[in-house]
Amino acid sequence: MSANIKQDHFYRAALEIGQSGENDTLPYDLDAQFVKDNAGSLATVCFDFFKSVEAKPKKQALDFISALNVGSERLLTATGSHGFRITTKIHPFWNLYLNGLGIGIAEANEARRSSRVHSYRLSRDQNSLFDSSKSWRAYKEARGVGTFEVNFGSRLRKMAIGC
């Protein structure tokens, strides 16, 4: 694989899951804490699994991956005080494994991304997955976009304007 996947990618994924939870729609749960507490061991398990798949001939690897059953559950999650949406939660191992692969692929491609792109830039800092200086706020500031507050009855909202 051209992404050059390393054990560190899975370790970094485990720490991110432990810090931020499994995804942005589900509350932080015990699975995420377990992943963080066992980041080193789980990174080893994920990397060993990756190496075993990579060692197979391409056709055999494809057949093996295609035959896997990724455990998941569908959940109804709150989106505010009056709404819900359906979210899929995958098994913690697959969440960690797929996130680790994603980090490896993103790392391999980061240098090819335009410097003008401000979304989800990888951080070189091991304490954070994404570079906080490359964010929506940084993009707005680079484009000369300001914010102002508007009061809609009982709600105060920030809105962006071009300057």
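Predicted model, so just to flag it, every value in this text is computed and none were measured.

**Here's the deal with the confidence of the model for the chain**
- Scored by pLDDT, the chain has a mean of 80; 72% of the residues are at 70 or more.
- Helix H3 (residues 39-54) holds the highest mean pLDDT among the elements of the chain, 97, whereas strand S4 (residues 155-162) holds the lowest, 52.

**Topic: the side chain of Glu16**
- Here Glu16 is to be found in helix H1 (residues 7-20).
- When neighbours within four sequence positions are excluded, Glu16 is seen to be in contact with Gly21 and Leu129.

**What about the pattern of salt bridges?**
- One pass over the structure, following the stated rule, counts four salt bridges.
- With a closest N to O distance of 3.6 Å, Asp48 and Lys51 form a salt bridge. With Asp48 and Lys51 both in helix H3 and three residues apart, the pair spans about one turn of that helix.

**Some remarks on the packing of H1 against helix H5 (residues 92-110)**
- Closest axis-to-axis distance for the H1/H5 pair is 8 Å, and the angle between their directions is 120°. Looking at the two axes, H1 sits oblique to H5. Of the two elements, H1 crosses H5, and the hand of that crossing is right-handed. Taken together, the residues of H5 that come into contact with H1 (itself represented by His9, Phe10, Arg12, Ala13, Ala14 and Ile17) are Asn95, Leu96, Tyr97, Asn99, Gly100, Leu101, Ile103, Gly104 and Glu107.
- In terms of residue class, the contact of H1 with H5 is made up of eight nonpolar, five polar and two charged.

**A closer look at the packing of aromatic side chains**
- The tally for this structure, following the rule as stated, stands at ten aromatic pairs.
- Here Phe10 and Tyr97 contribute two aromatic rings whose centre-to-centre distance is 5.5 Å and whose plane-to-plane angle is 10°, an arrangement assigned as stacked. Note that Phe10 is positioned in helix H1 and Tyr97 in helix H5, a separation of 87 residues in sequence. The pair Phe10 / Tyr97 is uniform in exposure class, with both members buried.
- Here Tyr97 falls in the buried class, since its relative accessible area comes to 5%.
- An aromatic cluster is present here, built from Phe10, Phe47, Phe49, Phe50, Phe64, Phe93, Trp94 and Tyr97 joined pairwise through their rings.
- Above the plane of the ring of Phe64 lies Lys56, whose end atom (NZ or CZ) is 4.8 Å from the centre.

Reading guide: rules and limits
Residues numbered from 1 in each chain as written. Predicted model: local features only at pLDDT ≥ 70, side-chain atom pairs only at ≥ 80, totals over all residues. Heavy atoms only, no water. pLDDT = per-residue confidence, 0-100. Helix = DSSP H or I, 4+ residues; strand = E, 2+ residues; numbered from the N terminus. Contact = heavy atoms within 4.5 Å. Salt bridge = Lys/Arg side-chain N within 4 Å of Asp/Glu carboxyl O. Axes fitted to C-alpha atoms, helices over the stretch in contact; angles between N-to-C directions. Parallel < 35°, antiparallel > 145°, perpendicular 65-115°, else oblique. Left-handed = near helix turned anticlockwise from the far one by under 90°. Nonpolar A, V, L, I, M, F, W, Y, C, P; charged D, E, K, R; others polar. Phe/Tyr/Trp six-rings, centres within 6.5 Å; stacked < 30°, edge-to-face > 60°. Buried < 20%, exposed > 50% of the residue type's maximum accessible area, 1.4 Å probe, protein only. Lys NZ or Arg CZ within 6 Å of the ring centre and 35° of its normal.

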